[in-house]
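Examination of the molecular architecture
One-letter residues, chain by chain:
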Amino acid sequence: MGAALRRIQLGNALSAFGNGFTVPFLFIYVSQVRDLGAGTAGMVLMTFAVSALVVLPFVGRVIDRRGPLPVAVVGTVSAAVGSMGMGLASSESLVFAAAAALGAGIAVIQPTLATMIVWCSTPTTRSRAFAMQFFLNNLGLGLGGLLGGQLVDTSDPGSFVRLFAIESVMFLVLGAAVATVRLPQAPKVEDAVPTDEGAKGGWRTLLGDRAMVQLCVLGFVMFFACYGQFESGLAAFAVEVTRISPATLGIALAANTAAIVLAQFVVLKLVEGHRRSRVMALVGVIWTVAWVAAGVSGLIPGAHGVATALLISTYALFGIGESMLSPTVAPLVADLAPARLVGQYNSAFALVKQLALAVGPAVGGLMAGGGLYVAYIVMVIACSLGITALALRLGRRLTPAQDNPLLAKAQRRAKAAEERTAVHA
């Protein structure tokens, strides 16, 4: 990595570390520590999603007009203010205002960091750059959650103020890191900061890009069937049907993080050089196996140890799939984007992800609340198989360089070598 990319990755890792201090405890903090009730806590979590959905449609255009650096700084300041506000807020109105600022700031940070990584990488190094970002995010969240759990005390509101203060400082560190980055003019975004006229028609161009639209549909199904179920349908199924304890559920979540951290670079070596569409199709197969294992775990209540092992393996298999997607999906979004609309494409895909993370828990929670667990497992298995089908269909629309940039580069080198040999002869 170059110096600019190292600085971006370091700031990103530190902000994820700070985020890990508060994310696992937000619901408990609002409902119990501030004594605002479970209903208000649920609405606060919804506020994060709503604020993100409000700002994301506009962020991409601003990034492409002004460049990602100033937008990223604004996002980190908003997130820092919102985080500190959460720690100090004692009334419903202040909690909602802080949640809105925090959610909007995080929503702005995501596509700006993705755009900066695109600027600091090439089509052949981009997979590794995004894999590193995903690895550091999960490592930071895991370590932050581990340390936060040692500092938190539900009987002491001051302990939560400390957690939110740490998170706020880490956002400011991220802002300082990206503010001092000198972005190179990467080949993919050689006209990186277009004029206002050049950035017009971004949504029209994107919606006319059939490959990008198909990728967005595929991304929605991916996020709906995986991340959108962790805290709703899958968690409810694990507790109510498989009958595991909340402590064991924590172990399962830890298995997911461990699988990502331990497997990321092994998986990267295995998927590099392969067609991206085939890798995404394989993820659908792996997640199908994961959901089948979860379903079977609910059918053998008499063999509790086996059922628990199956459920933990479900979370671990999800982690393997996530490790395969991190060097695949985000680089593909960048390679599909015209140079003048990299920010627009990244923001659009972040919007799709946010929609899936809003709809997924709602659907999973409603089905779990109605006891429709068989229908729930059938639905998510169908979604996983749909990922495979959609990925293979997308592969037919991608160019060889978009689907496998390393192979395209090798082919260009071989052709150049043949031409040199011919000239020499």
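To start, this report covers the structure provided alongside it.

Conventions we followed
- Residues numbered from 1 in each chain as written.
- Predicted model: local features only at pLDDT ≥ 70, side-chain atom pairs only at ≥ 80, totals over all residues.
- Heavy atoms only, no water.
- Helix = DSSP H or I, 4+ residues; strand = E, 2+ residues; numbered from the N terminus.
- Rg over C-alpha atoms; globule rule 2.2 N^0.38 Å.
- Buried < 20%, exposed > 50% of the residue type's maximum accessible area, 1.4 Å probe, protein only.
- Contact = heavy atoms within 4.5 Å.
- Areas by Shrake-Rupley, 256 points an atom, 1.4 Å probe, with all protein chains shown as cover.
- Lys, Arg positive; Asp, Glu negative; His and termini not counted.
- Charge placed at Lys NZ, Arg CZ, Asp CG, Glu CD.
- Phe/Tyr/Trp six-rings, centres within 6.5 Å; stacked < 30°, edge-to-face > 60°.
- Lys NZ or Arg CZ within 6 Å of the ring centre and 35° of its normal.
- Core = buried A, V, L, I, M, F, W, Y, C linked by side-chain atoms within 4.5 Å.
- Axes fitted to C-alpha atoms, helices over the stretch in contact; angles between N-to-C directions.
- Parallel < 35°, antiparallel > 145°, perpendicular 65-115°, else oblique.
- Left-handed = near helix turned anticlockwise from the far one by under 90°.
- Nonpolar A, V, L, I, M, F, W, Y, C, P; charged D, E, K, R; others polar.
- Patch = residues over 30% accessible without salt bridge, like charges linked within 9 Å, V, L, I, M, F, W, Y side chains within 5 Å.
- Salt bridge = Lys/Arg side-chain N within 4 Å of Asp/Glu carboxyl O.

1. So, the overall build of the protein chain
Scanning the protein chain for helices and strands turns up 19 helices and 0 strands. A compact globule built from 425 residues should have a C-alpha radius of gyration of about 22 Å, and the protein chain, at 22 Å, falls within 12% of that. Overall, the C-alpha framework of the protein chain stretches about 80 × 50 × 35 Å when taken along its three principal axes. When burial is assessed residue by residue, the protein chain has 52% of its 425 residues classed as buried. For the protein chain, long-range pairs separated by at least 24 residues make up 85% of all intrachain contacts whose partners lie at least 6 apart in sequence. Accessible area of the protein chain: about 17,900 Å², with a carbon and sulfur share of 68%. Counting 29 positive and 19 negative side-chain charges, the protein chain places the centres of these two groups 9 Å from one another.

2. What about the packing of aromatic side chains?
On inspection of all chains with the given rule, the structure shows 11 aromatic pairs. Ring geometry for Tyr29 against Phe164: centres 5.0 Å apart, planes inclined by 55 degrees, an arrangement best described as tilted. Of this pair, Tyr29 sits in helix α2 (residues 26-33) while Phe164 sits in helix α7 (residues 157-179), and the two are 135 residues apart along the sequence. With relative accessibility at 2%, the residue Phe164 sits in the buried group. With 5.8 Å between their ring centres and 85 degrees between their planes, Trp291 and Tyr376 make a pair best called edge-to-face. With a gap of 85 residues between them, Trp291 in helix α13 (residues 276-297) and Tyr376 in helix α17 (residues 373-395) connect regions that are remote in the sequence. Overall, Tyr376 belongs to the buried group, its relative accessible area being 1%. The rings of Trp287, Trp291, Phe318 and Tyr376 are connected pair by pair, giving a single aromatic cluster. Taking the ring centre of Tyr227 as reference, the NZ or CZ of Lys353 above it sits at 5.7 Å.

3. Here's the deal with the nonpolar core
In this structure, Met86, Met212, Leu215, Leu234, Met280, Trp287 and Trp291 are the most contacted members of the largest nonpolar core, which totals 103 residues. When residues in this core are grouped by element, the largest group, 11 residues, is from helix α5 (residues 92-119). Apart from residues no more than four positions distant in its own chain, Met280 is found in contact with Leu215, Leu218, Met222, Leu325, Thr328, Val329, Leu332, Ile387, Ala391 and Leu394. Of all hydrophobic cores here, the second largest spans 5 residues; its members include Ala52, Leu56, Ala350 and Leu351.

4. Here's the deal with unusual backbone geometry
Positive phi, close to 55 degrees, is recorded for Asp35, a residue that is not glycine. Topologically, Asp35 is positioned in the loop between α2 and α3 (38-66). Using a relative accessible area of 64% as the deciding quantity, one classes Asp35 as exposed. Backbone geometry places Arg243, a non-glycine residue, at a positive phi of 65 degrees. Here Arg243 lies in the loop between α11 (233-240) and α12 (246-271). Judged by its relative accessible area of 55%, Arg243 falls in the exposed class.

5. Brief notes about the packing of helix α9 (residues 210-225) against α17
Put simply, α9 and α17 touch, their axes get as near as 9 Å, and they point 155 degrees apart. One way to sum up the angle between α9 and α17 is to call them roughly antiparallel. Crossing angle aside, the handedness with which α9 passes α17 is left-handed. Counting all contacts with α9, which are made through Ala211, Gln214, Leu215, Val217, Leu218, Val221, Met222, Phe224 and Ala225, the residues of α17 involved are Met379, Cys383, Ile387, Leu390, Ala391, Arg393 and Leu394. Class assignment for the residues of the contact of α9 with α17 results in 14 nonpolar, 1 polar and 1 charged.

6. Concerning a nonpolar patch on the surface
A grouping of Met43, Met46, Val50 and Val54 is seen on the molecular surface, where their side chains present a nonpolar patch of about 360 Å² in accessible area. Looking at the element boundaries, Met43 is found in helix α3.

7. Quick notes on the pattern of salt bridges
Side chains that differ in charge, positive against negative, can pair when their charged atoms come close. By the definition in use, this model includes 5 salt bridges. Across the pair Asp335 and Arg126 runs a salt bridge, and its minimum N-O distance is 2.7 Å. Of this pair, Asp335 sits in helix α15 (residues 329-336) while Arg126 sits in helix α6 (residues 126-151), and the two are 209 residues apart along the sequence. For the pair formed by Asp335 and Arg126, the shared burial category is buried. The closest approach of N and O atoms between Arg128 and Glu272, which form a salt bridge, is 2.9 Å. A residue pair is termed long-range when its members are at least 10 positions apart, and Arg128 in helix α6 and Glu272 in the loop between α12 and α13 qualify at 144 residues. Through salt bridges with shared partners, one network takes in Arg126, Arg276 and Asp335.

8. A word on the environment of Ile381
Relative to the assigned elements, Ile381 resides in helix α17. Measuring from C-alpha to C-alpha, the distance between Ile381 and Thr288 comes to 5.4 Å, with 93 residues separating the pair along the chain. Apart from residues no more than four positions distant in its own chain, Ile381 is found in contact with Thr288, Trp291 and Val292.

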